[in-house]
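Here is what each chain is made of, one letter per residue.
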Amino acid sequence: MKAVVTGGAGFIGSHLCDHLIAHGHQVVALDDLSTGSEANLAQLRGNPAFTLVRGSILDAGLVGDLVSRCDTVFHLAAAVGVHTIVDDPLRSLRTNLHGTENVVEAAAAHGARFLIASTSEVYGKNDADGLTEDADRVYGSPLKSRWSYAAAKGLDELVAYVHSVHTGLPCVITRFFNIVGPRQTGRYGMVVPRFVDQALAGEPITVYGSGDQRRCFGSVFDVVPAAVRLLDTPEAHRRAVNLGGTEEVTIRELADRVVALTGSSSEIRYVSYEDAYGAGYEDMRRRMPDITLAHRLTGFRPRRRLDDIIASIVQHRRTAAAPRAAVA
Ligand code: UDP
């Protein structure tokens, strides 16, 4: 395969590039390096099968040019992270809407297979016990820009789906649920790397709200191969498929586990949502995937347990080259 990976210097994108290269494919990563980093791709530098192009998915000419020379597009570029979204909802909307249109249109025009990384955010406040892919979206007030990411990604799914129906574009929508692992930064939100960095720096662990909210964290090493398998599975085309872990924890439990696994002396500090994200923020109480469809289509099962995932992140942070300032 000759693949374009948009957002290839990001957390999931860089692991996808590693996976594709390890399986003998050629990869062009397109990234504007706004939240991704070249350091995530250091291991691929000099590899003749790999190229990093610094540029934006908003540049339709560049996107079309790169896609015209490839047969597969993995579209992972997006403005991500709760802080990114609440700080600059306009940028988030532009990137996630217009950028995705450019990438989908290029894939359709050049007959490339297409995978778009979507998110459990599209379910909004639906806190069902195991969200199936056809579960309803439950969003808060349309006047709250907090919902801009969920709304844009939901629309992105439709853009991809409708193009697929009209042009025959082979297309898969993967909905990632709180995927974590080495290289993820806590700078833009993302609770696990934040807690790990805070614990390693001996700083207070900032639990937002009551800490009773629940999440299922999934390993990047489990979901990346599954995403590629989905694109190779014709029955998965024109579908949205949940990918993630099913081990559920409260954020308070997560904080306790990170403290235990790092041996940190950090205290737990409870921070109001307003102080964390500004007025009017609404959190998801619970978010748990039903992964029956991914299992049926590809045999997907999350293999890594949360403690092992956290331990691998701790290990990665401890061995990371440069010491970094702890997140605020
Ligand atoms: N969170 C927290 N402390 C932090 C960052 C996040 O308590 O420093 C909470 C956040 O409010 C949410 C959960 O952790 O309830 C997961 O946050 P994240 O941004 O990782 O993903 P989300 O599920 O919100 O997309």
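Going by what an unreviewed UniProt entry lists, the chain is known as Nucleoside-diphosphate sugar epimerase and is assigned to Marinitenerispora sediminis. Recorded in UniProt for the chain, the comment headed Cofactor (unreviewed entry) runs: "NAD(+)".

Attention shifts here to the UniProt feature "domain: NAD-dependent epimerase/dehydratase" (unreviewed entry) in the chain. In this numbering, the UniProt entry assigns the feature "domain: NAD-dependent epimerase/dehydratase" (unreviewed entry) to residues 4-244. The annotated region residues 4-244 carries 38% helix and 20% strand content, and the separation between its end C-alpha atoms amounts to 23 Å.

Between two aromatic rings, the relevant description is the distance of the centres plus the angle of the planes. This model, assessed by the stated rule, comprises five aromatic pairs. Ring plane angle 40° and centroid distance 4.2 Å describe the contact between Tyr-277 and Tyr-281, whose orientation is recorded as tilted. By the burial criterion, Tyr-277 is buried, and Tyr-281 matches it. Members of the aromatic cluster, joined through ring pairs, are Tyr-208, Tyr-273, Tyr-277 and Tyr-281. Directly above the aromatic system of Trp-147 lies the positively charged group of Arg-146, at a separation of 4.2 Å from the ring centroid.

This part is about the sheet that holds strand β6 (residues 171-176). Strand order in the open sheet formed by seven strands is β3-β2-β1-β4-β5-β6-β11, and the pairing between neighbours is parallel. Looking at strand neighbours, the two that pair on one side only are β3 (50-54) and β11 (239-243), the edges of this open sheet. If you compare each strand with its neighbour and ignore which way they point, the axes differ by 20° on average. In this structure, strand β1 (residues 2-6) lies alongside strand β4 (residues 72-75), joined through four bridges in parallel fashion. Note on β4: the bridge partner recorded for Val-5 is Phe-74. Contacts from helix α1 (residues 11-22) reach β1, β2 (26-31), β3, β4 and β6 within the one sheet, and its direction differs from that of β1 by about 170°.

This paragraph deals with the pattern of salt bridges. Within the structure shown, the criterion is met by 21 salt bridges. The shortest N-O distance in the salt bridge between Arg-296 and Glu-235 comes to 2.9 Å. Taken together, the residues Arg-296 in helix α10 (residues 292-298) and Glu-235 in the loop between α7 (220-231) and β11 connect sequence positions 61 residues apart. By relative accessible area, Glu-235 is classed as partly exposed at 43%. Residue Glu-267 pairs with Arg-269 through a salt bridge whose shortest N-O separation is 3.7 Å. The class for Arg-269 is partly exposed, based on a relative accessible area of 42%. The network of salt bridges with shared partners includes Asp-129, Arg-214, Glu-248 and Arg-286.

Procedures and definitions
In this numbering scheme, every chain counts its residues from 1 along its sequence in written order. Thresholds applied to this predicted model are a pLDDT of at least 70 for local features of residues and 80 or more for the giving and counting of side-chain atom pairs; totals over whole chains, interfaces and linings are not thresholded and use all residues. Remark: hydrogens and water are excluded; side-chain values derive from all non-hydrogen atoms of the structure. UniProt positions are given in the numbering used here, feature names are shortened, and annotations may be inferred rather than shown by experiment. The way it works is that DSSP assigns letters per residue, a run of H or I at least four long becomes a helix, a run of E at least two long becomes a strand, and they are numbered from the N terminus. Between 30 and 60 degrees the pair is tilted, below 30 it is stacked and above 60 it is edge-to-face, where a pair is any two Phe, Tyr or Trp rings, Trp via its six-membered ring, whose centres lie within 6.5 Å. Throughout, exposure labels follow a simple rule: accessible area from a 1.4 Å probe, protein chains only, divided by the maximum for the residue type, with under 20% read as buried, over 50% as exposed, and the rest as partly exposed. To sit over a ring, a charge needs its Lys NZ or Arg CZ within 6 Å of the ring centre and within 35 degrees of the ring normal. Whether two strands pair comes down to DSSP finding at least two bridges between them. Angles run from 0 to 180 degrees between N-to-C directions of axes, and those axes are lines fitted to C-alpha atoms, restricted for helices to the stretch in contact. Note on definitions: a residue-residue contact is assigned when non-hydrogen atoms from the two residues lie within 4.5 Å. Counted as salt bridges are all cases of a side-chain nitrogen of Lys or Arg within 4 Å of a carboxyl oxygen of Asp or Glu.

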